[in-house]
Amino acid sequence: MIQKHNVIEVENLSKLFGDFAAVNQISFQVKAGEIFGFLGANGAGKTTAMKMLIGISSPTSGKATVAGFDVYREAESIKKNIGYMSQKFALYDDLTVKENITFFGGIYGLSKKQIEQKRCELVEELGLQEVTNSLVASLPLGWKQKLAFSVSLLHEPKIVFLDEPTGGVDPITRRQFWELIYKAAHNGTTIFVTTHYMDEAEYCDRVSIMVNGKIEALDTPKKLKEQYKTNTMNDVFLKLARG
Amino acid sequence: MGILVKNISKSYGKLTALSNISLDVKPSELYGLIGPDGAGKTTLFRILTTLMIADKGQATVAGYDVLKEYKSIRKSVGYMPGRFSLYQDLTVEENLNFFATIFGTTIEENYDLIKDIYVQIEPFKNRRAGKLSGGMKQKLALSCALIHKPKVLFLDEPTTGVDPVSRKEFWEMLKRLQQKGITILVSTPYMDEAALCDRIALIQGGKILEIDTPKAIVGHFPKPLYNIYATNMYGLITSMSHYEHTYSVFPFGEFVHYTDKREAMDVEEIKAYLVQQGLTNINIEATQPTIEDTFMELAK
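Conventions adopted
- Residues numbered from 1 in each chain as written.
- Chains lettered and ligands numbered in written order.
- Predicted model: local features only at pLDDT ≥ 70, side-chain atom pairs only at ≥ 80, totals over all residues.
- Heavy atoms only, no water.
- Helix = DSSP H or I, 4+ residues; strand = E, 2+ residues; numbered from the N terminus.
- Rg over C-alpha atoms; globule rule 2.2 N^0.38 Å.
- Buried < 20%, exposed > 50% of the residue type's maximum accessible area, 1.4 Å probe, protein only.
- Contact = heavy atoms within 4.5 Å.
- Areas by Shrake-Rupley, 256 points an atom, 1.4 Å probe, with all protein chains shown as cover.
- Lys, Arg positive; Asp, Glu negative; His and termini not counted.
- Charge placed at Lys NZ, Arg CZ, Asp CG, Glu CD.
- Axes fitted to C-alpha atoms, helices over the stretch in contact; angles between N-to-C directions.
- Parallel < 35°, antiparallel > 145°, perpendicular 65-115°, else oblique.
- Nonpolar A, V, L, I, M, F, W, Y, C, P; charged D, E, K, R; others polar.
- Pairing = 2+ DSSP bridges.
- Buried area = accessible area lost by both parts, 1.4 Å probe.
- Salt bridge = Lys/Arg side-chain N within 4 Å of Asp/Glu carboxyl O.
- Polar contact = N/O pair within 3.5 Å; in protein donor to acceptor, adjacent residues only side chain to side chain.
- 1 Å grid on protein atoms, 1.4 Å probe; cavity = no way out; pocket = protein on both sides within 12 Å on 5 of 7 lines; lining within 4 Å.
- Points joined across faces, edges and corners; volume = space filled by probe spheres on them.
- Phe/Tyr/Trp six-rings, centres within 6.5 Å; stacked < 30°, edge-to-face > 60°.
- Lys NZ or Arg CZ within 6 Å of the ring centre and 35° of its normal.
- Core = buried A, V, L, I, M, F, W, Y, C linked by side-chain atoms within 4.5 Å.

A. Just the overall build of chain A, in detail. In terms of helices and strands, chain A carries nine helices and 10 strands. Taken against the 2.2 N^0.38 rule, which gives 18 Å for 243 residues, the C-alpha radius of gyration of chain A at 18 Å falls within 12% of a compact globule. The principal-axis extent of the C-alpha atoms belonging to chain A is close to 50 × 45 × 40 Å. Expressed as a percentage of the 243 residues in chain A, the buried residues total 56%. Partitioning the intrachain contacts of chain A with sequence separation of at least 6 by distance along the chain shows that 67% fall at a separation of at least 24. Of the roughly 11,200 Å² of accessible surface on chain A, 49% is carried by carbon and sulfur atoms. Separation between the mean location of the 29 positive side-chain charges and that of the 28 negative ones in chain A comes to 3 Å.

Structure (structure tokens):
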């Protein structure tokens, strides 16, 4: 098998707020097409680390490149080459499905023709034909999240960052969402995902667990379970994060 | 002195939030309302805490009628809403004092009840509530909901967005409160937390799917369930979704959970099919259903 190249490279990356190290010298690499789970307790530093990687927060020290671009000097290029969705913000509730797709397609610099084509594909794939002209506010949460994920892929980014994409979503939709993730990864998109559902941690190719600003564990779910002598990722997490 | 809900319905315009819901929570029972966003959990909480009036049906809380005796209910219950709703610009101690005073009591009088929880945030008692971490906010909100020694405690998604460690600690606190005789109705979208309740109601789309003990609910799963493993998860899901005898197939941790349409399923035949689909390291074995499996079956 050909060794796949790294799309994220992080070396001794830190972020200080005053004398508090929110992120403390973390290092890791993510390969193209990998599903990388980024786990940690509330307040462990995940969001701070993610903000540096998506180019909206400047690190205090250390090195990082995302999709080949430097987080210090090329933050704008990073933003153009990644997709992002979070539980808190994803789509505009007071625009229709169609308007949201057009808006985000435009933001990412797609031509009218490309947007039109992408919109048809996306509506078809998610089965949204009936609701293209409905306000996003009127859709069930699960539909919104699937739509938001597809919209984050409109410009065919190399990497997509997902911040707790499935919080509160019903179990069936949560699984349909993961099938979309698998499909995107299968097509070569790198997935960087945070979650509090430990069964979802099992779906990742590799998982890192942050504790107090540091990455305390990083491996495949299988190896982490062997290392910590447990049967579930939930127990691995409890052993590590409880200190 | 628990909670009695009889044929409650509530609509918002064309949207039916609750459709003919009935349930009873026994005194000092830890009762879980399990379902995703939009199931109607918050609407039910708002009706039972007398913040909203149902279109139809009756309900009593701690023996009081939600319509006629709403004032008595308000004195007897603690309510922790899903959204953090303490005063962000008051300190931890000021918030607690405020809620104690409103209910005509003092922190000292009921300190026993909140001690276990409050000691964990006491070092930060002079910090403004808005500056607390998620886990600490949650502990303060629970302390405030308990400070007047309620008979019934309503917790609306107290652990949503909370990491597994803090979630575990939170449930340990609930168990201790239950032992002190408090009736607890708690909602959650996390199916693994359902197993920690005495009884649960599975709810989706404003309807109750089933009510029973977690153990009995799992026992009602209608078909033999299998774990299937193969190296390529995406390939495995895609292949099994197109398999002619598939009844259900869902990713579940490192496996997929599979049920077969036939009376007797043929493990060797499925293996052969998956090999033919190009999958490797195939393993198939029987497994026990979880509450999540049952929920998905009922919600289909």
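B. Quick look at the packing of helix α4 (residues 111–118) of chain B against helix α5 (residues 134–146) of chain B. All names here are of chain B. One can describe the packing of α4 onto α5 by two numbers: an axis separation of 10 Å at closest approach and a directional angle of 175 degrees. Accordingly, the angle class assigned to the pair α4 and α5 is roughly antiparallel. Every residue of α5 that contacts α4 at L113, I114, I117 and Y118 is listed here: K139, L142, S143 and L146. Residues of the contact of α4 with α5, tallied by class, amount to six nonpolar, one polar and one charged.

C. Quick look at the sheet that holds strand β14 (residues 283–287) of chain B. Residue and element names in this part refer to chain B. The sheet built from four strands is open, its strands ordered β12-β13-β11-β14 with antiparallel pairing. Looking at strand neighbours, the two that pair on one side only are β12 (246–252) and β14, the edges of this open sheet. On average, each strand axis in the sheet is inclined to that of its neighbour by 30 degrees, with strand direction left out of account. Examined bridge by bridge, β12 and strand β13 (residues 255–260) share six bridges and lie antiparallel to one another. Directly across from P251, in β13, lies its bridge partner V256.

D. Structural view of the interface of chain B and chain A. Contacts between the two partners involve 26 residues from chain B, matched on the other side by 28 residues from chain A. Summing the contributions of chain B and of chain A, the shared interface buries around 2,500 Å²; its carbon and sulfur component is 64%. Sorting the residues of chain B by area buried against chain A places P164, V165 and Y234 of chain B first, and these three jointly supply 23% of that buried surface. Seen at the junction of chain B and chain A, the total is three salt bridges. Here E292 of chain B makes a salt bridge to R174 of chain A, at a shortest N to O gap of 2.7 Å. There are six residue pairs in polar contact (both at pLDDT 80 or more) connecting chain B and chain A.

E. Just empty space enclosed by the protein, in detail. Residue and element names in this part refer to chain B. Per the counting criterion, the structure on display carries three cavities of 30 Å³ or more. Roughly 60 Å³ of volume is contained in the largest cavity. If you trace the largest cavity, you find it lined by F221, L225, S248, F250, H257, T259, D293, M296, E297 and K300. Secondary-structure elements contributing two or more residues to the lining of the largest cavity are β12, β13 and α11 (291–299). If you tally residues by element for the lining of the largest cavity, the top one is α11, at three residues.

F. Broad picture of the packing of aromatic side chains. Counted under the stated rule, the structure contains 20 aromatic pairs over all chains. With 4.9 Å between their ring centres and 40 degrees between their planes, F38 of chain A and F192 of chain A make a pair best called tilted. Placement of the pair is F38 of chain A in strand β3 (residues 35–40) and F192 of chain A in strand β8 (residues 190–194), with a sequence separation of 154 residues. Among the residues examined, F38 of chain A registers a relative accessible area of 0% and is labelled buried. Summarising the aromatic geometry, the rings of W178 of chain A and Y203 of chain A are spaced 5.1 Å apart at their centres and angled 65 degrees between planes, so their arrangement reads as edge-to-face. Here Y203 of chain A lies in the loop between α7 (198–202) and β9 (206–211) and W178 of chain A lies in helix α6 (residues 171–186), a separation of 25 residues in the sequence. Through a chain of ring-to-ring contacts, the aromatic side chains of F28, F36, F38, F161 and F192 of chain A assemble into a single cluster. Of note, R174 of chain A hangs over the ring of Y197 of chain A, and the distance from its end group to the ring centre comes to 3.9 Å. The aromatic ring of Y190 of chain B is capped on one face by R167 of chain B, whose charged end is 3.7 Å from the ring centroid.

G. Region of interest: the pairing of strand β1 (residues 6–17) of chain A. Residues and elements named next belong to chain A. Pairing analysis gives eight bridges linking β1 to strand β2 (residues 20–31), with the strands arranged antiparallel. Counted as the bridge partner of L13 is I26 from β2. The antiparallel pairing of β1 with β2 creates a hairpin that spans two residues between the two strands, and G18 there sits at a positive phi of about 65 degrees. The pairing of β1 with strand β4 (residues 61–66) spans five bridges and is classified as antiparallel. What sits directly across from S14, in β4, is S61.

H. Local environment of the sheet that holds strand β1 (residues 3–12) of chain B. All names here are of chain B. What the four strands build is an open sheet, ordered β2-β1-β4-β5; its pairing is antiparallel. If you trace the sheet from one side to the other, it starts and ends with β2 (15–25) and β5 (64–65), each paired once. Looking at chain direction, strand β4 (residues 56–61) and β5 are connected through two bridges and run antiparallel. Counted as the bridge partner of T60 is D65 from β5. Set on the sheet, helix α1 (residues 41–48) makes contact with β1, β2 and β4; between it and β1 the angle comes to about 120 degrees.

I. View of the nonpolar core. L147, F149, I191 and I209 of chain A together with M240 of chain B are the most contacted members of the largest nonpolar core, which totals 68 residues. For this core, the element with the most residues is α6 of chain A, which contributes seven residues. When neighbours within four sequence positions are excluded, I191 of chain A is seen to be in contact with E34, I35, F36, F149, V160, L162, I181, A184 and A185 of chain A. With 47 residues, the next largest nonpolar core counts L86, M136, A194 and F252 of chain B among its residues.

J. Main features of the environment of K225 of chain A. With respect to the helices and strands, the residue K225 of chain A is situated in helix α8 (residues 221–227). Separated by 12 residues in the primary sequence, K225 of chain A and F237 of chain A place their C-alpha atoms 9.8 Å from one another. Excluding residues within four positions of it along the chain, K225 of chain A makes contact with E202, T230, N231, T232, M233 and V236 of chain A together with E254 of chain B. Separated by 2.9 Å, the side chains of K225 of chain A and E202 of chain A make a polar contact.

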